[in-house]
Amino acid sequence: MNYLPMIIIFPLIMAIIMNLLHGKENIVKYLTFLIAIILIILPFIGQYGYYYFGGFGVIDGWVSGIAYYYNPLKQVVLVVLAIIASLVLITGMGEKLKNNMFVTLSLMGFASVAAMVLADDLFNFYVFFEIISIVQVGLLFLSGTEEAYKSGLRYMIMGNIAASLMLLGIAFLLASTGTLNITDMKNYILSDNPMIFGGLLLLVVGLAYGSGLPPFHNVKVDLYARSKGFISAILQTYSKFILVGFMLIILKLFNGLSYFSGTHAVLLALGVLAMVFGVVMALLQSDYKKLLSYHAISQAGYVATGLALGTPLGIVAGIFHAINHVIYKSALFLGAYIVSHKKGSDLHKLGGLLPIMPSVAFMVLCAKLAISGVPPFNGFQSKWMLAQAAMQVNMPEIAIIMIIVSIGTFVSMMKAFYLIYLKPVDEETIKEYQSRGVPKLAVFSLFILTSLCIILGIYPEIVTKYLFSYANELGVSYCLK
Amino acid sequence: MDFQIVSFIASGILVIIGLYGVFFVDNILKKIIALDILGNGVNLVLITIGYNGGTIPIKLPNVPVDVFAKKSAYPLTQALVLTNIVIEASMLAVMLGVSIILYKKYKTLKSSVILKED
Amino acid sequence: MNSKRDLVAGISFFVFGASILYSLSNMHVNPGVNLVYLTHYIIPNYVCSVIFGWRAYDTLGECLVLVVAVMVSWIIFGKSLYDNTYLKELFKAPESDDYITLHGWGEYTPIIKFLAFPASVFMVALGIVTILGGHITPGGGFQGGALIASALILSVVAFGSKSPLWFDHKYLEKLEAIGALTYLLLGVVGMFIGGYYLFIFTSVGNLPIFPAPKEIVTAGIIPYLNIAVGLKVLAGLSTAAFLLSCEKVIIERIEKSEEILNK
């Protein structure tokens, strides 16, 4: 028997049970540790291939039910998602309040992102897209400040528009092909038809919202910056993998078709704009979490550009960069969380933390070098692959923009590192720092993430060798003249 | 079939009214109502895709399956709309909750005041 | 500055609307997979057979959207926040005159009370019939649940906090969890019997799972899924409406979470 749906069902069942455990802090704590361990096992229990829910397989030439498609690429993505989710769950238990709603919503988010990565059915994808957008604002509201409420409302209004338009796009595709299954739909969209083209463009609106590409980058940045540090780590992981799942669907449906080239350009432009906007806005910020959030947008631009190139190498590079990015950006957000335990996140008020917590500073420095693409960390490997992919299709300008944006990232990251850890401060502040503790569980998670950064930087093959087979299936090699 | 075209155009107009309301009206509650109209427009598109001039898709005991299949409306889109209605209702509930909280703070529903970037 | 921005927004809005109208008026519908759904018989109500049979997994997702939305509404009104100083300030502040709460609602005239109570009782009855007959007649779990929830809301609007039809919110919370868990676990049972998640099994051993006349015995677990969805929708919509209208519970909740935080 194929246990593939348990990847989704087990977290959902645990989430609903967790919801009932309000106030029972000890049970919540130990159950959460147990769930965090089980989550990592989950991606290994499924078998590769198609999975038909309810046994409704192919009837009269149509896939009649809802299908999932599982392969090594999706497995790698799910493993990384599970690792980050369980580390964040463990970190969350270090808070004074053992919050059962945090666990519930994170598990719901894990399940729906996993469902979106696995989905081979457009409407099912849409349903889980809506779940994740409510889950994200729920996680944001947990911090309980006025800004959180404001940016949550803004996010939901934008989200409702984008999701409705995306559903309209799905309706167009459904009307002209007669099916919602992606593998089937591929056979019916070969002809150029204004409705299919409109459906594709409306899907891109949903993509931009789900992953925080422009013009939706503002609401996404607010979402990350207003949450607590460890919650931002999981929120940005969700949006990166939404981006990966969504792009895999769009590429599977349209890559290689003659009328895809226009949309192709739109996707590339979105990616490049996100890269540049993100890093330019990050240079202007004085709030550490907001700076990191803009960098998350900028790195999402890298991922989108790589995937939008549409060549096998581009797809591998994009997904590999997404994986690397969620690892080091989660480490950075956890670092911000540890710092906020000491004294807020305003860069101008911080300083002099290096003697207080040298090991944390070292690990955060590793993550910062990784995000700016310095060898031997993982960011270097994937950025190098991205630049290679851009050169392969004869678009050197994209490779140049990538390198310039990398430099900008390095500058703002080092500025933040100086202002937080190196800037000299007076005696009083140091006493204030010493009176406040460091969350031990967060340091543990940070350590694991940093070592993953170094391991992936030295041995990138342990991830990339699983990505190539499906990328070759989806990708189309071409070269601009 | 003419009825289908009219229905499609009506749903397109609903979508446009919804978008207009969301982008250009300076009131949170009206924005939320506009989002509801937008969602209903999309639902009407879905329903109209399933319209083929047939009857409701419920089989009576004395009708054979093949006869029924020829004269029935398509059930898929109706099911999708039912799913989507619940989704929209839940989104609206969350948004209304947040606007209650923000209304209590600002004593106004103007979105230019409530949602101002800081 | 602002007028230019409005102009750009207006033009792009116009272009977008025109293109949507254009593509909608060129719509050609391909029946596609609908033909499969119409020629294969599961239960007499074909819409219900799509919702709970062919695409049952979507309905699971829909249930979870409602569950999550209710949870998030609780969070908005102060359940398990990491920091509730903002909400505390807000709800401790004195009310202005135009703000209506359930507590200060006043009472409606006897005419409305006279009509609202029987009407809500009939709506509850109709809702139960709609849920239970969802697999044969038009309707189903969602519609019936929504009917019952609207009966509750009607009664609360007419009678205020002295409503004769009243569910405790803790009871509703449990009802919702039971509905969602039933759906999830019936799917798991289907996986162990038929090999696929949400498989429609009609009998366990020799025992038919849904004892019924011959034509409807193929329904299998669909009536039970209907009941689960009905419970969940009834509980979810009532909780949402109740949270949006009832402040007393929210203030209690905030005080309680304060105790937990200070412990």
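Up top is the structure these notes are about.
Here is what the cut-offs are and how they apply
Residues numbered from 1 in each chain as written. Chains lettered and ligands numbered in written order. Predicted model: local features only at pLDDT ≥ 70, side-chain atom pairs only at ≥ 80, totals over all residues. Heavy atoms only, no water. Helix = DSSP H or I, 4+ residues; strand = E, 2+ residues; numbered from the N terminus. Buried < 20%, exposed > 50% of the residue type's maximum accessible area, 1.4 Å probe, protein only. Contact = heavy atoms within 4.5 Å. Buried area = accessible area lost by both parts, 1.4 Å probe. Salt bridge = Lys/Arg side-chain N within 4 Å of Asp/Glu carboxyl O. Polar contact = N/O pair within 3.5 Å; in protein donor to acceptor, adjacent residues only side chain to side chain.

Peer 1: Help me understand unusual backbone geometry in this model?
Peer 2: Negative phi characterises most residues that are not glycine, and trans characterises most peptide bonds. Here the bond from Pro214(A) into Pro215(A) is cis, since omega is 5°, no more than 30 degrees from zero. With respect to the element layout, Pro215(A) can be found in the loop between α8 (194–211) and α9 (217–226). Cis geometry marks the peptide bond from Pro375(A) to Pro376(A), where omega comes out at 5°. With respect to the helices and strands, the residue Pro376(A) is situated in the loop between α14 (358–371) and α15 (378–392). Notably, Lys107(B) is not glycine yet its phi reads approximately 55°, a positive angle. Note that Lys107(B) resides in the loop between α4 (75–106) and α5 (111–114). A relative accessible area of 40% places Lys107(B) in the partly exposed class. If you check the backbone angles, Leu198(C) has positive phi at about 60° while not being a glycine. We classify Leu198(C) as buried; its relative accessible area is 2%.

Peer 1: Which parts of the structure should I look at to understand the interface of chain C and chain A?
Peer 2: Accessible area lost upon the coming together of the parts serves often as the stated size of an interface. Between chain C and chain A, the contact holds 59 residues from the first and 71 residues from the second. When the buried surface of chain C facing chain A is broken down by residue, Tyr57(C), Met71(C) and Tyr82(C) rank first, second and third, together holding 15% of it. Put simply, chain C and chain A have one salt bridge between them. For Asp121(A), the salt bridge goes to Arg55(C), with nearest N and O atoms at 2.6 Å. Our count for the contact surface shared by chain C and chain A stands at 12 residue pairs in polar contact (both at pLDDT 80 or more).

Peer 1: What exactly am I supposed to notice about the side chain of Gln75(A) here?
Peer 2: Residues and elements named next belong to chain A. Summarising the element assignment, Gln75 is placed in helix α3 (residues 72–92). By relative accessible area, Gln75 is classed as buried at 13%. At 2.3 Å, the side chain of Gln75 forms a polar contact with the side chain of Tyr48. Filtering out sequence-adjacent residues up to four positions away, Gln75 remains in contact with Pro43, Phe44, Tyr48 and Tyr70.

So yeah, pure geometry; function would need other evidence.
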